[in-house]
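# Breakdown of the fold
Next come the chains, spelled out residue by residue.
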Amino acid sequence: RFRHTSISQMCSCSNTISNEKYQDPFQLGRKDLKNLYEDIKKELLVSTAELREMCEYYFDGKGKAFRPMIVVLMARACNIHHNNSREMQASQRSVAIIAEMIHTASLVHDDVIDDANSRRGKMTVNQIWGERKAVLAGDFILSAASVALARIGNTTIISVLTQVIEDLVRGEFLQLGSKENENERFAHYLEKTFKKTASLIANSCKAVSILGCPDPKVHEIAYQYGKNVGIAFQLIDDVLDFTSCADHLGKPTAADLKLGLATGPVLFACRQFPEMNAMIMRRFSKPGDVERARKYVLQSDGVQQTTYLAQRYCHEATREISKLRPSPEREALIQLTEMVLLRDK
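As the structure is a computational prediction, the values presented were derived from the model and not from experiment.

## Quick look at helix α4 (residues 49-56)
Every buried residue of α4 is accounted for by Leu51, Met54 and Cys55. The buried residues of α4 all sit within an arc of 95 degrees when viewed along its axis, so they share a single face. The elements touched by buried residues of α4 are α7 (125-129) and α8 (131-152).

## Some details on the environment of alanine 65
Looking at the element boundaries, alanine 65 is found in the loop between α4 and α5 (66-83). Its relative accessible area of 11% is what places alanine 65 among the buried residues. Not counting chain neighbours up to four residues away, the residues in contact with alanine 65 comprise Leu33, Leu36, Tyr37 and Glu100.

## Details of the packing of aromatic side chains
If you walk through the whole model with that rule in mind, you get seven aromatic pairs. Their ring planes at 50 degrees and their centres at 5.4 Å tell us that tyrosine 57 and tyrosine 58 sit as a pair that is tilted. Of the two residues, tyrosine 57 and tyrosine 58, neither departs from the other in class, the shared state being buried. An angle of 85 degrees between the planes, with centres 5.5 Å apart, marks the rings of phenylalanine 186 and tyrosine 189 as edge-to-face.

## Remarks on helix α14 (residues 264-272)
α14 sits mainly inside the fold: seven of its nine residues count as buried. In this structure, the buried side of α14 is in contact with α10 (182-212), α11 (216-243), α13 (255-258), α15 (276-281), α16 (289-299) and α17 (302-321).

Calculation criteria
Here the residue numbers are simple positions, counted from 1 along each chain's written sequence. Since the coordinates come from a predicted model, pLDDT governs what is reported: local features require at least 70, and pairs of side-chain atoms require 80 or more to be given and counted, while whole-chain, interface and lining totals use all residues. No hydrogens and no water enter the side-chain calculation; it runs on all heavy atoms of the structure. Note on classification: 1.4 Å probe, protein chains only; a residue is buried when its accessible area is under 20% of the maximum for its type, exposed when over 50%, partly exposed between these limits. Only DSSP runs of H or I covering at least 4 residues are called helices, and only runs of E covering at least 2 are called strands; the numbering of each starts at the N terminus. In this description, one arc is meant: the one made by directions from the helix axis to the C-beta atoms. By definition in these notes, contact holds between two residues if any of their heavy atoms fall within 4.5 Å. Each Phe, Tyr or Trp ring (for Trp, its six-membered ring) is paired with any other whose centre lies within 6.5 Å, and the angle between the two planes then decides the class: stacked below 30 degrees, edge-to-face above 60, tilted in between.

Here's what the structure looks like:
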């Protein structure tokens, strides 16, 4: 859920960009996302009833469809920028479908790695069907996404989107490790955040821009917008892990600490409470570590500093997308950066 707030309440960076009428991204993107989940389920045609049920479990239409919405808005913004085309190409919509499939496959696998028991307010696939079957379900969703990607028939697009899958794996490996050197920790955290979260948005945006416009400058604008919004999205996610209640978030809070992960709020808090360094290095494994670390974070300015950092990334995303020709879709993408900052779950 996003809190809809006027632009002037949050930051002035988008006020001067154009006089285009304010557009609600969710309303504007809805027409292109109609039947999104039904179309995904068509890609998951499989004879085994149990595997089909597992694969379709998260495609229940109750997700925000945040990633595909960014992709369809970016596609239209690039098409309008290039030749004022108001049409969305079928291949561009396919990228939105593939992005959601890759994202969901990564959720299924993440829940296995993290031994998570709830997501989006319901039990995880691994809790219901077991870890082994959950891994296979995630693999199957990825394979179905790869088939849909091959069907687009464009080698450049295949290369751009397969990079996402590589980044997801590399990001997971980065998350499994940690840096002893405090100065290297933040760079490690941001690289992990890019690979695990932002790469999908950045490369999906780049893919639809390539399909809609031949100009490499536009491809870079789309990529940079997606990268910056993606990193900001994860930074706010890491903030909500400390500030939101479990029922509201749809998953347990302080989940990252329990997994031994030091996210932005923790790394910022560590500057005020150096005694957290030892806890970070032992991945909050001693009894009482999680509770103490959470208390330190909330006593520090870690949450505020992480939010400021997210604002900077959103400002950069706005700066990039503002290079495109004005359109309702461009303004909706600007509005979306504010929604990322104001979301509460």
